[in-house]
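# What the coordinates show
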Amino acid sequence: MTMTGSCDLSVPSRRALLAAGVSFAAWAARPRLASAAGTRDPRLVVIVLRGALDGLAAVGPLGDPDYARLHGDLALAADGIRPALALDGFFGLNPAMPELARMWRAGQAAIVHAVATNYRERSHFDGQDVLESGQPGPGRTQSGWLNRALSRLDTAGRASPLRGLGVGPTTPLILRGPAPVLGWTPQILASAGDDLAKRILALYDHRDPELGRALRDGLDTDAMAKRGGLSGDMGKARGGMDQPTGMRQAALGTARLLAAAEGPRVAALAFDGWDTHASEGALGGQLANRLGGLDGALAAFESELGPAWADTAIAVVTEFGRTVRINGTTGTDHGTGTVAFLVGGAIRGRRVIADWPGLADDRLYQNRDLKPTTDLRAVFAGLLVDHLGVSPTAIADEVFPDGGLLKPMAGLIV
């Protein structure tokens with residue numbers, strides 16, 4: 001049936017700063033672009049959850065009669081000791097995500113369940129390669145589908161540049177390719193005393209003063225702490241991209257750059273630590289902690305983007321799901337089908353989009369996993385076509401080559 005309704009934050013090396021400067025120089029030299037989205041000024045963010053999210057513990061199919069039996073102590077319920085946040089009567093949201101639940105009620109969040117890429121093995125590295133490259137298998141290319149989409153935009157008639165921003169120690173694969181992007185690490189301003197860091201910032205000031213000011217303001221950790229309601233010593237106690245503080249900090253800095261009038265419009269970043277083989281803890285352990293961090297990051301995007309939130313779409317995705325049955329260490333192993341979150345003022349929300357396959361033993365994929373019934377590439381393609389204005393021809397020819405009869409999912413954008 002169809003329902004609707006590892007970033008190290010330590011001080012960077014001189015080599016890392018030099019790489020950032022080279023990346024910026026290529027990006028700043030790119031001609032000013034315009035989007036086929038016309039008079040709109042859309043933002044698109046892709047957040048990759050590295051390690052494979054347990055979609056059944058994040059968004060539980062409470063109405064499936066086999067769910068509680070199979071997912072055991074990780075299963076959510078309508079009430080009791082593991083109460084979910086109500087969604088549509090069939091699915092419930094993990095209680096670690098109250099901000100997402102609020103956005104859902106406001107019609108600014110949608111969930112796609114029983115979703116996966118075309119990849120059917122269970123290697124993190126290969127799964128992430130397929131997720132980010134958009135290819136039918138791993139090792140096919142060194143470019144990412146989001147970068148190729150940027151390079152194929154019809155740019156006539158746009159007043160401000162449409163720029164890409166890759167957040168992490170290196171630019172994520174999803175944004176590598178022919179279209180130059182800005183590669184940013186949260187550490188650049190942490191090395192303000194480094195002469196090379198100062199020269200990089202001077203490049204911004206010279207070529208793009210407004211973005212330079214946004215960069216200085218957006219990446220100032222003390223300013224972020226004050227505006228984000230965090231402790232004043234945030235700069236000393238920053239977490240990695242697998243911790244709530246690190247996730248929120250990355251979201252705050254990224255959102256400030258996206259909000260700038262002359263800032264980037266497309267961004268990709270990754271949150272680590274979702275490989276929950278043991279002591280998963282859907283309500284009080286490591287999974288709940290990271291879901292809470294993701295929830296805070298999404299709220300940070302909303303608050304820092306300001307008016308731009310109304311034209312923003314954020315896709316939160318992972319390389320594959322986890323097993324339906326829990327293992328002997330109260331965790332889950334590598335699986336297949338999972339969940340994706342779509343968030344933002346541009347999202348047509350308050351829906352769980354799922355052709356639900358069921359969790360009866362004979363309905364599982366290889367007798368162990370949630371069977372995927374939606375191709376994640378169709379979700380991406382729908383966002384690219386309806387939000388950024390990428391042509392369906394470009395989607396088929398270059399963005400997702402060898403996609404067969406892949407059809408962009410319609411109706412995701414308001």
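Residues numbered from 1 in each chain as written. Predicted model: local features only at pLDDT ≥ 70, side-chain atom pairs only at ≥ 80, totals over all residues. Heavy atoms only, no water.

## Things to note about unusual backbone geometry
Operational definition: Runs of E in the DSSP output that reach at least two residues are strands. Runs of H or I that reach at least four are helices, and both are numbered from the N terminus.
For Ala114, which is not glycine, the phi dihedral falls at a positive 55°. Position of Ala114 relative to the elements: it lies in strand S6 (residues 109-116). You will see that Asn367, though not glycine, has its phi angle at about 60°, which is positive. Looking at the element boundaries, Asn367 is found in the loop between strand S12 (351-355) and strand S13 (374-375).

## What to know about the nonpolar core
Stated precisely, the cut-off is as follows: As used in this record, nonpolar core signifies buried Ala, Val, Leu, Ile, Met, Phe, Trp, Tyr and Cys residues forming a set joined through side-chain atoms within 4.5 Å. Here's how the labels work: a residue is buried when its accessible area is under 20% of the maximum for its type, exposed when over 50%, partly exposed in between, all with a 1.4 Å probe on protein chains only. Note on contacts: a residue pair qualifies if any of its non-hydrogen atoms lie within 4.5 Å across the two residues.
If you look at the biggest cluster of nonpolar residues, it comprises 67 residues, and the most contacted ones within it are Ile47, Phe271, Phe301 and Phe341. Excluding its chain neighbours within four sequence positions, the residues that come into contact with Phe341 are Leu53, Ala58, Val59, Leu93, Met97, Leu100, Ala110, Ile111, Leu294, Ile314, Ala315 and Val316. Counting 42 residues, the second largest nonpolar core, distinct from the first, contains Val266, Leu342, Leu376 and Ile395.

## Some thoughts on the side chain of Arg377
As a reminder of what qualifies: Polar contacts here mean pairs of N or O atoms no more than 3.5 Å apart (in protein, one a potential hydrogen donor and the other a potential acceptor; neighbouring residues in sequence count only if both atoms are side-chain atoms).
Of note, Arg377 is situated in helix H12 (residues 376-388). A polar side-chain atom of Arg377 sits 3.4 Å from a polar atom in the side chain of Asn118. Within polar-contact distance, the side chain of Arg377 engages the side chain of Asp375 at 2.7 Å. Once residues within four sequence positions are removed from consideration, Arg377 is found in contact with Asn118, Phe400, Asp402, Gly403 and Leu406.

## As for the sheet that holds strand S4 (residues 85-86)
Remark on secondary structure: sheet strands pair via backbone hydrogen bonds, oriented parallel or antiparallel. To keep things clear, this is the line we draw: Two strands qualify as a pair provided DSSP detects at least 2 bridges between them.
The 3 strands are arranged S3-S5-S4 in an open sheet whose pairing can be described as antiparallel. Each edge of the open sheet carries a strand with a single partner, namely strand S3 (59-61) and S4. Where S3 lies against strand S5 (residues 91-93), 3 bridges are found, and the strand directions are antiparallel. Considered in S5, the bridge of Pro61 is made with Phe91.

## Points about the pattern of salt bridges
As a reminder of what qualifies: We count a salt bridge whenever a side-chain nitrogen from Lys or Arg sits within 4 Å of a carboxyl oxygen from Asp or Glu.
Within the structure shown, the criterion is met by 14 salt bridges. Here Arg102 and Glu99 are joined by a salt bridge, their closest N and O atoms 2.7 Å apart. In this pair, Arg102 and Glu99 are both assigned in helix H4 (residues 98-105), 3 residues apart and thus about one turn of the helix distant. Its salt-bridge partner being Asp369, residue Arg368 comes within 3.1 Å of it at the nearest N-O pair. Salt bridges sharing partners connect three or more residues here, namely Asp66, Arg69, Arg325 and Asp361.

## Quick notes on the confidence of the model for the protein chain
To keep it simple, the criterion reads: The score called pLDDT rates the predictor's confidence residue by residue, from a low of 0 to a high of 100.
Per-residue confidence for the protein chain gives a mean pLDDT of 82; residues scoring 70 or more make up 75%. When the criterion is pLDDT under 50, residues 156-161 qualifies, and its contacts beyond four places in sequence or with other chains add up to 22 contacts. Taken together, the stretch residues 188-197 has pLDDT below 50 and engages in 21 contacts with residues farther than four places along the chain or on a different chain.

## Looking at helix H10 (residues 244-259)
Threshold: Every helix has an expected span of 1.5 Å times one less than the residues it contains.
For H10, spanning 16 residues, the distance from its first C-alpha to its last is 22 Å, which sits close to the expected 22 Å at 1.5 Å a residue. Counted residue by residue, H10 has 13 buried out of 16 residues, so it is predominantly covered.

## Section: the packing of H12 against helix H13 (residues 392-399)
Just so we agree on the cut-off: Convention adopted: a line fitted to C-alpha atoms gives each axis, helices being fitted over their contacting stretch, and angles between N-to-C directions are expressed from 0 to 180 degrees. Angle categories are assigned with fixed cut-offs, so that under 35 degrees is roughly parallel, over 145 is roughly antiparallel, 65 to 115 is roughly perpendicular, and the rest are oblique. Handedness of each helix crossing follows the sense of rotation of the near helix against the far helix: counterclockwise by less than a right angle gives left-handed, clockwise gives right-handed. Asp, Glu, Lys and Arg are counted as charged, while Ala, Val, Leu, Ile, Met, Phe, Trp, Tyr, Cys and Pro are counted as nonpolar; the rest, among them Gly, fall into the polar class.
Put simply, H12 and H13 touch, their axes get as near as 10 Å, and they point 135° apart. On the basis of their axis angle, the class for H12 and H13 is oblique. Crossing of H12 over H13 shows right-handed handedness. Facing Ala381, Leu384 and Val385 of H12, the residues of H13 in contact are Pro392, Ile395 and Val399. Taken together, the residues of the contact of H12 with H13 break down into 6 nonpolar, no polar and no charged.

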